[in-house]
Amino acid sequence: MAGYTDYLDGYLARLWSITSSFGAFLDPVADKLMVSTTLILLSGLYGTLVSVPTAVIIAREIGVSALREWMSGRGMRETVKVGWQGKVKTALTMVSSTLLLAVDTDVISGVMDGVWKIGIFGLYASMVLTVTSGWGYFQAAKGELMKERKIGIFGLYASMVLTVTSGWGYFQAAKGELMKERKIGIFGLYASMV
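Residues numbered from 1 in each chain as written. Predicted model: local features only at pLDDT ≥ 70, side-chain atom pairs only at ≥ 80, totals over all residues. Heavy atoms only, no water.

(A) A nonpolar patch on the surface, seen in detail. Side chains of Leu15, Trp16 and Ile18 sit close together on the surface and give an oily, nonpolar patch of about 360 Å² of accessible area. The class for Ile18 is exposed, based on a relative accessible area of 56%. (Patch = residues over 30% accessible without salt bridge, like charges linked within 9 Å, V, L, I, M, F, W, Y side chains within 5 Å. Areas by Shrake-Rupley, 256 points an atom, 1.4 Å probe, with all protein chains shown as cover. Salt bridge = Lys/Arg side-chain N within 4 Å of Asp/Glu carboxyl O. Buried < 20%, exposed > 50% of the residue type's maximum accessible area, 1.4 Å probe, protein only.)

(B) Fine view of the packing of aromatic side chains. By the definition in use, this model includes one aromatic pair. When the ring of Tyr46 is compared with that of Trp116, the centres are 6.3 Å apart and the planes differ by 50°; the resulting orientation is tilted. One end of the pair, Tyr46, is in helix H2 (residues 21-46); the other, Trp116, is in helix H5 (residues 111-140), with 70 residues separating them in the sequence. The class for Trp116 is buried, based on a relative accessible area of 18%. (Phe/Tyr/Trp six-rings, centres within 6.5 Å; stacked < 30°, edge-to-face > 60°. Helix = DSSP H or I, 4+ residues; strand = E, 2+ residues; numbered from the N terminus.)

(C) Structural context of the confidence of the model for the protein. Summary statistics for the protein give a mean pLDDT of 76 and a share of 65% for residues scoring 70 or more. Low confidence marks residues 189-194, where pLDDT is under 50. Its contacts with residues over four positions away, or in another chain, come to 14 contacts. (pLDDT = per-residue confidence, 0-100. Contact = heavy atoms within 4.5 Å.)

(D) Up close: the pattern of salt bridges. Counted according to the given criterion, the structure contains five salt bridges. Two residues, Arg60 and Glu61, come together in a salt bridge whose shortest N-O distance is 3.2 Å. Exposure class is identical for Arg60 and Glu61. Each is buried. Lys117 is the partner of Asp113 in a salt bridge, and the nearest nitrogen-oxygen pair spans 3.2 Å. One end of the pair is Asp113 and the other is Lys117, both in helix H5 and four residues apart, which spans about a single turn. One continuous salt-bridge network, built from bridges that share partners, spans Lys32, Arg60, Glu61 and Lys89.

In structure tokens:
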């Protein structure tokens, strides 16, 4: 429902020509909060199967948001504006999350088994789009980034992803002790710390 109303809001704003720079800024932030919260909750429910794409998706969202903010400070936000691939990724993540939320985890059989499989497949497809679209934004900003860094665009993007995934490894190693304290799942705990 939230994804649909988000789409409707943007559609009506464009239709009636009542867009604003504040709305253009806030809409992606609302999308990220909605998607991230849902994925964290689903990770607690489904465990590693969902937490792996969730970690990749959230890491990319943080990296691209930081990149957009940095480019905006240089007066070049248009260079990394939301593209069609990012929009497809967001829509696919919202649909996949909705399907996974609709499944009764106590009884995954029959039609619900199909819904669950489509949701999982969609989430992993979304993860692939997440990585490729994120790479596209960093490529678009490559000229400015190379003025600041000498490690190359791939090294910069990879270091961002590795930072998040290495932190995940530390939490996985301490999972037994951490779970004695919290009941939200290891990904939920990690996400709350990040």
